[in-house]
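Structural overview
Spelled out from the first residue to the last, the chains are:
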Amino acid sequence: MVTLAPRLACAALGEPESSIAGDVQHLKGSIKSTARSNYRVHEIQLPSGTVLREFAGVGGKVFAVAWSGPAIPDLRQALGRYFDVYITAAQAKQGTRRHLLIEQSEFVMQSRGHMRAFSGRAYLPQALPAGTSVDEIR
C-alpha cells in the first residue's frame, strides 16, 4: 500500500486539481500557479529543465497537460489513466518517431521532439472550459 501512495496522490489528466501538490512532490519540481478567466495553470519546473503545465477548470478537474523542455516528463504521472491509450498508439505508430498524434473523441495527444527539445500536450476535448481554445494549451 505504501508504494501506491504517490500514485494515488497524482493530479493526472482527468483527475482532481486538489492533488497537484502530489505531482510536485513526486516529480521533485517547483510550482507556479496562474489564474486565467475560466481555468488555472499550474506550471511545474522539473529538475531536468522541462516544464510541465497542468490546466484545471473552475470545477477542479485537470482537463489538459502540456510540456516542453530537454526531457520528456513522467507521462505515466501526467496522463494517468490515459497512459495506456498513449502506449498503445505509440506502439502502433508507423513512420517517424519524432511526432505522435492521437485523436480520439475523449482524448487528444500531440507530441514531438528530438534529443533535448521535446514538447507536447494532451487534453480531454469534452472537458475544455467554455471559451477555451485548444491553442491555449501549450
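Coordinates for the structure precede this section.
Notes on the structure in this doc start here.

Quick notes on the rules
- Residues numbered from 1 in each chain as written.
- Predicted model: local features only at pLDDT ≥ 70, side-chain atom pairs only at ≥ 80, totals over all residues.
- Heavy atoms only, no water.
- Helix = DSSP H or I, 4+ residues; strand = E, 2+ residues; numbered from the N terminus.
- Core = buried A, V, L, I, M, F, W, Y, C linked by side-chain atoms within 4.5 Å.
- Buried < 20%, exposed > 50% of the residue type's maximum accessible area, 1.4 Å probe, protein only.
- Contact = heavy atoms within 4.5 Å.
- Pairing = 2+ DSSP bridges.
- Axes fitted to C-alpha atoms, helices over the stretch in contact; angles between N-to-C directions.

Notably, Arg116 is not glycine yet its phi reads approximately 70°, a positive angle. Turning to its location among the elements, Arg116 is positioned in the loop between strand E6 (108–114) and strand E7 (117–123).

On to the nonpolar core. Nonpolar side chains tend toward joint burial in soluble globular proteins. In this structure, Val65, Leu79, Tyr86, Phe107 and Met109 are the most contacted members of the largest nonpolar core, which totals 22 residues. When residues of this core are traced back to their parent elements, those giving at least two are helix H2 (20–27), strand E4 (62–69), helix H3 (75–79), helix H4 (83–92) and strand E5 (99–103). If sequence neighbours within four positions are ignored, Tyr86 has contacts with Leu75, Leu79, Leu100, Ile102 and Met109. In terms of nonpolar packing, the next biggest core, distinct from the first, is built from 10 residues, Val41, Phe63, Ala64 and Ala66 among them.

Read from one edge of the open sheet, seven strands run E1-E2-E3-E4-E7-E6-E5, paired in antiparallel fashion. In this open sheet, the two edge strands, each paired with only one partner strand, are strand E1 (30–35) and E5. The mean angle between the axes of side-by-side strands here comes to 10°, regardless of whether they run parallel or antiparallel. Here E6 runs beside E7; their pairing, made up of seven bridges, is antiparallel. Paired with Gly113 across the strands is Phe118, a residue of E7. Across the sheet, H2 touches E1, strand E2 (39–45), strand E3 (51–57) and E4, and the angle it forms with E2 is around 15°. Sheet strands in contact with H4 are E5 and E6, and its direction is about 125° off that of E5.

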